[in-house]
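Report on the structure
Chain by chain, the residues:
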Amino acid sequence: KAVLLLQADANKEAANLLHQAVSLPDGADSRFHLHLAVAQHRLGDLSAATSSWRRAAELGLNQAFLTEYERRWIADLESEVAEESPVEQQQTVSHE
């Protein structure tokens, strides 16, 4: 549901839902943290977006299967909040 909210630019609602998701016992999916970073970035909270982006990297985002829209979101984040891409390896693999 959060992805649909992000696609509809309902960023505040997506962020609220994703905050709940990442606090659940099974909320350690790197993509949840990526999606949260996207919502936070769009809401102008670059500090929180950077933190969520880093957490996504720690959880292995570079090994996750990523959709085309997730790769586009990553490109947006990289230009604003990322010091280095946690998915650089994944993008290389995806283009083979």
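These notes cover the structure that comes with them. (Residues numbered from 1 in each chain as written. Predicted model: local features only at pLDDT ≥ 70, side-chain atom pairs only at ≥ 80, totals over all residues. Heavy atoms only, no water.)

Here we come to the overall build of the protein chain. Secondary structure summary: the protein chain contains six helices and zero strands in total. From first element to last, N terminus to C terminus, the protein chain shows the α and β order α-α-α-α-α-α. Accessible area for the protein chain stands at about 5600 Å²; split by element, carbon and sulfur atoms hold 47% of it. (Helix = DSSP H or I, 4+ residues; strand = E, 2+ residues; numbered from the N terminus. Areas by Shrake-Rupley, 256 points an atom, 1.4 Å probe, with all protein chains shown as cover.)

Mapping E78 onto the fold places it in helix α5 (residues 68–80). Distance in space between the C-alpha atoms of E78 and W53 is 9.4 Å, their sequence separation being 25 residues.

Checked against the element boundaries, N11 lands in helix α2 (residues 11–23). Once you skip the residues sitting within four places of it in the chain, N11 turns out to touch L6, A39, R42 and L43. (Contact = heavy atoms within 4.5 Å.)

A few words on the pattern of salt bridges. Inspection of every chain in the model, using the stated rule, returns four salt bridges. A salt bridge links E58 to R55; the shortest N-O distance between them is 3.2 Å. With E58 and R55 both in helix α4 (residues 46–58), this residue pair falls three residues apart, about one helical turn. For E68, the salt bridge is made with R71, and the minimal N-O distance between the two is 3.0 Å. With a gap of three residues between them, E68 and R71 both fall in helix α5, about one helical turn apart. (Salt bridge = Lys/Arg side-chain N within 4 Å of Asp/Glu carboxyl O.)

On to the nonpolar core. In this structure, L34, W53, L61 and L77 are the most contacted members of the largest nonpolar core, which totals 23 residues. The biggest single contributor to this core is helix α3 (residues 30–42), with five residues. Setting aside anything within four residues of it in sequence, one finds L34 in contact with W53, A56, L61, L66, E70, I74 and L77. (Core = buried A, V, L, I, M, F, W, Y, C linked by side-chain atoms within 4.5 Å. Buried < 20%, exposed > 50% of the residue type's maximum accessible area, 1.4 Å probe, protein only.)

Taken by themselves, the reported measurements are silent on function.
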